[in-house]
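Here's the letter readout for the chains.
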Protein chains: 2
Amino acid sequence: MAIRQTDQTIHKAAWLYYTHGLRQDEVARQLNISRASVAMYLRKARETGIVNISTSTRMFTDDAIAREIEDLYGLASVWVVPHDGRALDPTAEVPIVGASVFLDLVRNGDRIGVAWGRTVYAMADAMSYADLNDVTVVQMCGNLGAPYSYRPDQCTMEIARRLNAKGLNFYAPLVLTSERLARDLRAEPVIREQLASVAHCNLALFSVGTLDEDSHVVMCGALTAGEIHAMRDAGAAGVIAGQMIDASGALLDCDYNRRVISADLASIRSIGKRLMVVQEESKFVPLVAALSGGLCTHLVVSASLARRLRDERSGGTTDRAI
Amino acid sequence: MAIRQTDQTIHKAAWLYYTHGLRQDEVARQLNISRASVAMYLRKARETGIVNISTSTRMFTDDAIAREIEDLYGLASVWVVPHDGRALDPTAEVPIVGASVFLDLVRNGDRIGVAWGRTVYAMADAMSYADLNDVTVVQMCGNLGAPYSYRPDQCTMEIARRLNAKGLNFYAPLVLTSERLARDLRAEPVIREQLASVAHCNLALFSVGTLDEDSHVVMCGALTAGEIHAMRDAGAAGVIAGQMIDASGALLDCDYNRRVISADLASIRSIGKRLMVVQEESKFVPLVAALSGGLCTHLVVSASLARRLRDERSGGTTDRAI
DNA sequence: CACGCGCTCTGACAATTGTCAATTCTTCGC
DNA sequence: GCGAAGAATTGACAATTGTCAGAGCGCGTG
């Protein structure tokens, strides 16, 4: 009760200040509290998403190159983050834009599939709190025991927390040692339901992984550097939700993939809006693979990746600097 | 070009200030402009919707009575605006809440049907600017020549302007002198298309009118006080988009309605989300009629109307003051 | 080329907001 | 019932922001 009272007061203070445009001292007088409390309540209101301040991301779609990439790759919407000279750390900027775009796409009642990775976690971290209702965040792939803070379940939970949503975690490892065990585990009701529920999402958020020595799957001990090289030789071009894809964006037919527990690509593709966010320059090949496979509908990339994407398809027409 | 440059600068300033949390002087340094200009740009960014500050309307749905009314009348969502003692002008508050709720419901790509009236215009006036894409606002009924600022076309245009949307105005009078002329006019391609396009909306915004001497239809000269009394005797209970409805919310079979040019009730009912906003105490009877006819799915009302609505249906159970 | 128009800059002051240590109020455990 | 830990609140000060007048600048025009 006491909590509800305070909660009500925060709402009222936020309403009077932000919607009616009163000054803090006027709000304080209205609510019979000190101005300092009003300032504190307002901070709380912003932190909890009771008040939402969002900046248009239109400036990132205004670039002509964004239009070109939409056309070349058949995407619904593309955001290009410029390398802004001195201004800001350019790569760190991509997930921030990604978070803004993501929040723009989310609605009450949504069901959201989330994969994992450095980029996804950076987005979660940059995401402001939102006051949504009835939103569910579903983890799209199994877990890794690694000590990273961007483990799949961490990504899911953190995003759910920010959105005031329910988090549906996956209680299975990402990769097992035998194909048989993976098959049996996938058949378990808890796991089967989780996997099935991905297809009922209407929004997905993920990045794409590389096949280098410092790729996640290696760092987390799922694969050795040697194995990953072998896979690259066998045609692997990138990693989506823990699964290897080839250059055409199709699931690679390999032993590793059969041992993975993750939402299959068809389920992911059945989700209406699929936002992919790619920041690292080194992810060009995986990115092209994912786009070829039609895995995403919305894309946030850096300007340099955008230029390379355009040149890849348009055969390198105009190529002047930003 | 010079304009685009400035526009870009406004976006960047807003981004750095609101998303990155820099101070105005830091933003000024980054962009090589004076701090005073930054302050100006930020104001512009807020005014044009490049930056959007919204406050949760949850406090208005938290009321138990809102839940009751949803259940009693089968509505998707109800907002109840309390009469807040000293705080704010209670009736003026309803359209402000309505505007917030409305903005919450709008999405990019939406097609929105708008009716007219004092309340709708008050909402337009209270509505903050939004940076939306590809939104269309459709006028749902014909025009009146009255010198009011809340003429149907004014409502449509003003809302379109605030949402950065395209406004589709209706170029016909609301009511004609003969039934034949109304029929002929409705058959005109321009008008027919306009009317048909209402059915393709996915969001509607309207209020409901009374049948008093000071009702809009009288004030605007569409009907005389005498005629409106006669209509009330004939079973008219309220006015929706310029048309008379009976107590069950059905179109009243009368000469006047046959002379009106407006979206028919079936089209309106085919729209997914229909937000009705009612502020005046005197609109209780029309409100009940509209609800009986299932004309809206979302409702914003004052606390006293809410209490009367509950008592109307639940047979007057608990009836303590707020 | 001078002119006026519209825009931005500068510098300064006033208004508003953020912050924090000190204080008051709550809520427990004993 | 008492006292202490902890949370909420406040007053006062510091930092930030809003605003304004006057100056400077670029540009299109007569």
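Above this text you will find the structure in question.
Note that the structure is predicted; figures quoted are calculated from it, not measured.

Quick notes on the rules
Residues numbered from 1 in each chain as written. Chains lettered and ligands numbered in written order. Predicted model: local features only at pLDDT ≥ 70, side-chain atom pairs only at ≥ 80, totals over all residues. Heavy atoms only, no water. Axes fitted to C-alpha atoms, helices over the stretch in contact; angles between N-to-C directions. Helix = DSSP H or I, 4+ residues; strand = E, 2+ residues; numbered from the N terminus. Parallel < 35°, antiparallel > 145°, perpendicular 65-115°, else oblique. Contact = heavy atoms within 4.5 Å. Nonpolar A, V, L, I, M, F, W, Y, C, P; charged D, E, K, R; others polar. Buried area = accessible area lost by both parts, 1.4 Å probe. Salt bridge = Lys/Arg side-chain N within 4 Å of Asp/Glu carboxyl O. Polar contact = N/O pair within 3.5 Å; in protein donor to acceptor, adjacent residues only side chain to side chain. Pairing = 2+ DSSP bridges. Near = heavy atom within 4 Å. Least-squares fit on C-alpha atoms with pLDDT ≥ 70 in both. Buried < 20%, exposed > 50% of the residue type's maximum accessible area, 1.4 Å probe, protein only.

A. Representation of the packing of helix α2 (residues 24–31) of chain B against helix α3 (residues 35–48) of chain B in the model. All names here are of chain B. Running from N to C, α2 and α3 point in directions that differ by 105°, and their axes come no closer than 8 Å. When the axes of α2 and α3 are compared, the pair comes out roughly perpendicular. Touching Gln 24, Asp 25, Val 27 and Ala 28 of α2 are Arg 35, Val 38, Ala 39 and Leu 42, all from α3. For the contact of α2 with α3, the per-class residue count stands at 5 nonpolar, 1 polar and 2 charged.

B. Region of the structure containing the interface of chain A and chain B. Facing the 40 residues of chain A at the interface are 40 residues of chain B. Buried surface at the junction of chain A and chain B, both sides included, amounts to about 3400 Å², of which 50% is carbon and sulfur. Along the contact surface separating chain A from chain B lie 2 salt bridges. For Arg 58 of chain A, the salt bridge identified is with Asp 131 of chain B, shortest N-O distance 2.9 Å. One can count 20 residue pairs in polar contact (both at pLDDT 80 or more) joining chain A with chain B. Sorting the residues of the side of chain A that touches chain B by element identifies α1 (2–19), β1 (51–55), α4 (58–61) and α6 (90–105) of chain A as the ones contributing at least two each. Per element, the largest residue contribution to the side of chain A that touches chain B is 9 residues, and it comes from α1 of chain A.

C. Quick look at the sheet that holds strand β5 (residues 166–168) of chain A. Residue and element names in this part refer to chain A. Sheet architecture is open: 7 strands sit in the order β2-β10-β9-β6-β3-β4-β5, paired in parallel fashion. A strand with exactly one partner marks an edge of an open sheet, and here the two such strands are β2 (77–81) and β5. Geometrically, the sheet is characterised by an average inter-axis angle of 15° between neighbouring strands, direction not taken into account. One ladder, built from 3 bridges, connects strand β4 (residues 136–139) with β5; its direction is parallel. The partner of Val 137 across the bridge, within β5, is Gly 167. Lying over the sheet, helix α8 (residues 152–163) contacts β3 (111–114), β4, β5 and β6 (203–206), oriented at roughly 175° with respect to β4.

D. How the structure looks around the protein's contact with DNA strand D. Neighbouring residues of DNA strand D: 13 residues in total, closest Ser 34 and Tyr 41 of chain A together with Tyr 17, Arg 23 and Gln 24 of chain B. The contact atoms of DNA strand D, taken as those within 4 Å of the protein, divide so that sugar and phosphate hold 68%. At 2.4 Å from a phosphate oxygen of DNA strand D is found a side-chain nitrogen or oxygen belonging to Gln 24 of chain B. Between DNA strand D and Arg 43 of chain B, the relevant distance is 3.5 Å, taken from a phosphate oxygen to a side-chain nitrogen or oxygen of the residue. When contributions to the surface near DNA strand D are tallied by element, the ones reaching two or more residues are α3 (35–48) of chain A together with α3 of chain B. Taken together, the residues of the surface near DNA strand D sort by class into 5 nonpolar, 3 polar and 5 charged.

E. Summary view of the protein's contact with DNA strand C. Around DNA strand C, 15 residues are found, and the nearest of them are Tyr 17, Arg 23, Gln 24 and Arg 35 of chain A together with Ser 37 of chain B. Across the atoms of DNA strand C situated within 4 Å of the protein, the share located in sugar and phosphate is 66%. One of the side-chain N or O atoms of Gln 24 of chain A is found 2.8 Å from a phosphate oxygen in DNA strand C. With respect to DNA strand C, the side chain of Arg 35 of chain A contributes an N or O atom lying 2.6 Å from a base oxygen. Mapped by element, the contributors of at least two residues to the surface near DNA strand C are α3 of chain A together with α3 of chain B. Per-element tally for the surface near DNA strand C: the top contributor is α3 of chain B, with 5 residues. Here the residues of the surface near DNA strand C are counted per class, giving 7 nonpolar, 4 polar and 4 charged.

F. Seen up close, the relation of the copies chain A and chain B. Expressed as a screw operation, the relation of chain A to chain B combines 0.0 Å of axial shift with a rotation of 180°, fitting to an RMSD of 0.1 Å. Taken together, these values place the two copies in the relation of a two-fold axis. Measuring from the rotation axis to each C-alpha of chain A, the shortest distance belongs to Ile 53 of chain A, at 2.2 Å. Residue by residue, 100% of the interface of chain A is reproduced at the interface of chain B, so both copies engage with the same surface.

G. Summary view of the environment of Arg 259 of chain A. Residues and elements named next belong to chain A. Its location among the elements puts Arg 259 in the loop between α13 (255–258) and α14 (265–269). Along the sequence, Arg 259 and Val 175 sit 84 residues apart, while their C-alpha atoms lie 5.6 Å from each other. Those residues in contact with Arg 259 that lie beyond four places of it in its chain are Leu 174, Val 175, Leu 176, Thr 177, Ser 178, Glu 179, Ala 182 and Arg 186.

H. A look at the pattern of salt bridges. All names here are of chain A. One pass over the full model with this rule turns up 34 salt bridges over all chains. The shortest N-O distance in the salt bridge between Arg 162 and Glu 158 comes to 2.8 Å. With Arg 162 and Glu 158 both in helix α8, this residue pair falls 4 residues apart, about one helical turn. Across the pair, exposure class does not vary: Arg 162 and Glu 158 are buried alike. A salt bridge links Glu 281 to Arg 308; the nearest nitrogen and oxygen atoms lie 3.0 Å apart.

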